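Listed below, chain by chain, are the residues.
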There are 2 protein chains.
Amino acid sequence: MTPDAVIATLKTLVDPDKVRVDAESLDNWGKDWTKHFAPAPLAIVFPKTVEQVQAVVRFANEQKLALVPSGGRTGLSAAAVAANGEIVVSFDYMNQIGEFNAYDRTVVCQPGVVTAQLQQFAEEKGLYYPVDFASAGSSQIGGNIGTNAGGIKVIRYGMTRNWVAGLKVVTGTGELLELNRDLIKNATGYDLRQLFIGAEGTLGFVVEATMRLERAPKNLTAMVLGTPDFDSIMPVLHAFQDKLDLTAFEFFSDKAMAKIMGRGDVPAPFETECPFYALLEFEAISEDIANDALATFEHCVEQGWVLDGVMSQSQQQLENLWKLREFISETISHWTPYKNDISVTVGKVPAFLHDIDAIVGEHYPDFEIVWFGHIGDGNLHLNILKPENLSKDEFFAKCATVNKWVFEIVEKYNGSISAEHGVGMTKRDYLTYSRSPAEIAVMKSIKAVFDPNGIMNPGKIFN
Amino acid sequence: MTPDAVIATLKTLVDPDKVRVDAESLDNWGKDWTKHFAPAPLAIVFPKTVEQVQAVVRFANEQKLALVPSGGRTGLSAAAVAANGEIVVSFDYMNQIGEFNAYDRTVVCQPGVVTAQLQQFAEEKGLYYPVDFASAGSSQIGGNIGTNAGGIKVIRYGMTRNWVAGLKVVTGTGELLELNRDLIKNATGYDLRQLFIGAEGTLGFVVEATMRLERAPKNLTAMVLGTPDFDSIMPVLHAFQDKLDLTAFEFFSDKAMAKIMGRGDVPAPFETECPFYALLEFEAISEDIANDALATFEHCVEQGWVLDGVMSQSQQQLENLWKLREFISETISHWTPYKNDISVTVGKVPAFLHDIDAIVGEHYPDFEIVWFGHIGDGNLHLNILKPENLSKDEFFAKCATVNKWVFEIVEKYNGSISAEHGVGMTKRDYLTYSRSPAEIAVMKSIKAVFDPNGIMNPGKIFN
């Protein structure tokens, strides 16, 4: 079938004006936030119904045409990039919030519902959707499920996986599977829903999800603590976790703090300059709990684990403290950072971080490393800033070498080369550092069960 | 290969004294708590190491011999019954608790660790293993994972699935897969760990699990409330859930209460006799919370949803209130109950329960129905007691008819024919009431990926 014939057929499968082939659209919907691959899709289709998605998939399956699912396109692993003449299936027009069930605290979402839209809906119902991260204003629920999105509240609320009560997916044959019926308890064989969460659209496309909501947190209170070294952060985490149900435990380095202070629009938490900082958050639902937090802080100071600290006393102060952490990514983007999103079990974090610091420092002493991340769940974001005297190409070439060392250290510590960004195309060639050949073989066989012709987001996760 | 040759070979694969073929052993390790199928295994093997498990599986795979995994044998779906000359693989000698990680709050368990043993270990570390149910004193972690065990704290802590940080499994080819590396965040492709949870040993056998532990609950406090009808339980649930983080929300009927009172060893919670009772539990970590609970109770009384109630003021009272719920199963066992373990979404529970009551009452007005269950998660246990004038055979024959009606209602309400007991053999022929033909076909294909010769617990879940 010629490309023109394909496009003509697509126009019969979705609304005729919902197929785009203009250069701007191909560029816009053909990529995510990564910039490693030039977008080159054949066409963008915008189905409005499950039936239209099925029709597109059935057609693609017959003709063996590759499909790429597209949500908010905020991904950081090129899982939603169409670089090889694929048909992009955008869920922008399937963005409605459906039935809400107060007893179950569930709400039905089309895949194109934006994360912030769901958060807002929950708030209107006096509830809370707890998966939150920097791109929540653009990312879509379908994409969140595809990558099992995490973010800043995982220590308390877990990943997106925890909040998916039920799923409807269209597999690679165009078949609609309705998975788990939104039940809490359902012991009737394999929980296929779990397979689609984090599968990056390679098994099928999410066409509807029933999401769970949670009680809204009460009187959220943050502390920022400065520590004399990285290792001190660990007993601080332990001491606070012993006393409080933390909703977040983040960290960042002095270099990150310096960049934030350089903006001029975020107040310093305190005067003492420290090599590392921890930001923790909890619900101060009673005075006892606030007192526990203060007592634990004092204990940490006495032990020498903390040099200085501050606790928010108002919503405004809470927000200001969070800016210290949340603005990092955007602020350092000026220095063309080379990013890695890696994880180990929490107890291994200090040794792991030291090993990486040492190897990068040894080979590239002029590279500035900005560390930050979700230490409460073992997830570190390693950001290497481009020195001014290096071209982008030279810098990225050197970083590719660094990558290999970093991943060897990840493997040594039995960690993950992608904690929450996914594999997509950017981590595909490194997958063996985190998954065994036997696991990868099984994954390929499972893909063949759902997608016998390999049309669903091919080339993502593995080849 | 003759049966004798098989047994002789098995003795070379595990310790020679760890193969049993005596009639008592075959009977004991060949069954679970169900009594529908006569145990008839060929032999029982007790491996002591992962390598021994792999050797047994490889041998079985070569010879196409069926294997049945065996844990605490407390299952209620005959998933661990060997009724067809299978080799039972018991994990009784792989029952050690391994490395504990305080920062991650994880502990490595061999599959034969008993649930109560893990609960006890957690307590010694000042932590908590929150999956709890009647058979916790005998059930093993491997079996809990195989059935994704639930129980009485699911409303707060979720199923066993939530507590499995990492898994080692031996698949049907004898291959060892190490899944998820105990990480909280790991976005590197399909989360195969999830497939094995709830797979009833049909994809492979769990040979090690890293389990998460939780902060120990503080000052657990229970309330028992009497309601004028079943429907009133729902707004009560809603009102309390709005104010408190409930750790349990159970219910039982007046008939269940009467049986408990008939024992003579459990104090009545209060004098008022009510058609239904709710038992709820929460952490009274501050006076505010206890006051919120009392205010909500008063609100429920004012609304007419609650006729009477009591709140525990001591550990002893807490335990006594829990006996009202926890002793039901054991107490009614005297009446040879026909049990169903079904679930729907929480909001549908009242209509669902009425429909079932109506159809059983219409056809068998002399059948006494005892309802109890975990209403906070939509899981109802329907128990039909055997009238004295019916023989066991006549009774079970009539119940088989009831079963069909019940499952038709389950299907109508889009529920589950097995909320937490699993499918095994007892629910196998009813699976289509809860899973579509397409889903069942996919499950069979996935089984073929891990177990090409169909030797891993064959005939369980599906044929």
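Described below are features of the structure shown in this document. Keep in mind the model is a prediction, meaning the values are calculated, not measured.

Conventions used here
- Residues numbered from 1 in each chain as written.
- Chains lettered and ligands numbered in written order.
- Predicted model: local features only at pLDDT ≥ 70, side-chain atom pairs only at ≥ 80, totals over all residues.
- Heavy atoms only, no water.
- Contact = heavy atoms within 4.5 Å.
- Buried area = accessible area lost by both parts, 1.4 Å probe.
- Salt bridge = Lys/Arg side-chain N within 4 Å of Asp/Glu carboxyl O.
- Polar contact = N/O pair within 3.5 Å; in protein donor to acceptor, adjacent residues only side chain to side chain.
- Helix = DSSP H or I, 4+ residues; strand = E, 2+ residues; numbered from the N terminus.
- Nonpolar A, V, L, I, M, F, W, Y, C, P; charged D, E, K, R; others polar.
- Least-squares fit on C-alpha atoms with pLDDT ≥ 70 in both.
- Buried < 20%, exposed > 50% of the residue type's maximum accessible area, 1.4 Å probe, protein only.
- Disulfide = S-S within 2.5 Å.
- Axes fitted to C-alpha atoms, helices over the stretch in contact; angles between N-to-C directions.
- Parallel < 35°, antiparallel > 145°, perpendicular 65-115°, else oblique.
- Left-handed = near helix turned anticlockwise from the far one by under 90°.
- Pairing = 2+ DSSP bridges.

### Structural notes on the interface of chain B and chain A
Contacts between chain B and chain A engage 83 residues on the former and 82 residues on the latter. Across the interface of chain B and chain A, roughly 6,500 Å² is buried in total on both sides, 57% from carbon and sulfur atoms. Among the salt bridges present, the one from D191 of chain B reaches R161 of chain A, with a minimum N-O distance of 3.5 Å. Counting the contacts that link chain B with chain A gives 40 residue pairs in polar contact (both at pLDDT 80 or more). Of all the elements, helix α15 (residues 437-450) of chain B adds the most residues to the side of chain B that touches chain A, at nine residues. Of the residues belonging to the side of chain B that touches chain A, the class tally is 33 nonpolar, 27 polar and 23 charged.

### Re the relation of the copies chain B and chain A
Each copy superposes on the other: chain B lies on chain A with an RMSD of 0.0 Å after a rotation of 180 degrees and an axial shift of 0.0 Å. The operation mapping one copy onto its partner corresponds to a two-fold rotation axis.

### Some points on the pattern of salt bridges
Per the stated rule, a full pass over the model turns up 45 salt bridges over all chains. Between K447 of chain A and D451 of chain A there is a salt bridge; the shortest N-O distance is 2.7 Å. Take K447 of chain A and D451 of chain A: they sit in the same class, and that class is buried. Among the ionic pairs, K153 of chain B bridges to E281 of chain B, the shortest N-O distance being 2.9 Å. Placement of K153 of chain B in the loop between α5 (141-147) and α6 (154-157) and of E281 of chain B in strand β14 (residues 276-283) is noted, with a sequence separation of 128 residues between them. Residues joined in a network through salt bridges with shared partners are R156, R215 and E283 of chain A together with D245 of chain B.

### Observations regarding the state of the cysteines
Residue and element names in this part refer to chain A. With the rule as written, the count across this model stands at zero disulfides over all chains. Considering cysteine sulfurs only, C274 is the nearest to C300, which forms no disulfide, with 13 Å between them. Note on C300: relative accessible area 0%, which makes it buried.

### Looking at the packing of helix α13 (residues 349-363) of chain A against helix α14 (residues 392-412) of chain A
Residue and element names in this part refer to chain A. Look at α13 against α14: their axes get within 10 Å of each other, and the N-to-C directions meet at 155 degrees. It follows from the interaxial angle that α13 and α14 lie roughly antiparallel. α14 is crossed by α13, and the crossing has right-handed handedness. Here F352, D355, I356, I359, V360 and H363 of α13 lie close against α14, whose contacting residues are V402, W405, V406, I409, V410 and K412. A breakdown of the residues in the contact of α13 with α14 according to their chemical character gives nine nonpolar, one polar and two charged.

### Considering the packing of helix α8 (residues 233-243) of chain A against helix α10 (residues 287-302) of chain A
Residue and element names in this part refer to chain A. The contact between α8 and α10 brings their axes to 10 Å, and the two run at 155 degrees. In terms of their interaxial angle, α8 and α10 are classed as roughly antiparallel. Like other packed secondary-structure pairs, α8 and α10 cross with a definite hand, here right-handed. Together, V236, A239, F240 and K243 of α8 and D292, A293, T296, F297 and C300 of α10 make up the contact between the two elements. Split by residue class, the contact of α8 with α10 holds six nonpolar, one polar and two charged.

### Digging into the pairing of strand β18 (residues 379-385) of chain A
Residue and element names in this part refer to chain A. Of all seven residues that make up β18, seven are buried, and the element is covered over most of its length. Going residue by residue along β18, you find N379, H381, N383 and L385 tucked away on one face and L380, L382 and I384 tucked away on the opposite face as well. In the sheet, strand β16 (residues 338-343) pairs with β18 via six bridges, with the strands oriented antiparallel. If you follow N340 over to β18, its bridge partner there is L382. Taken together, the seven bridges between strand β17 (residues 368-374) and β18 define a ladder with antiparallel strand orientation. Bridge assignment links I369 to a residue of β18, and that residue is I384. Where β17 hands over to β18, the hairpin turn is made up of four residues, of which G378 adopts a positive phi near 75 degrees.

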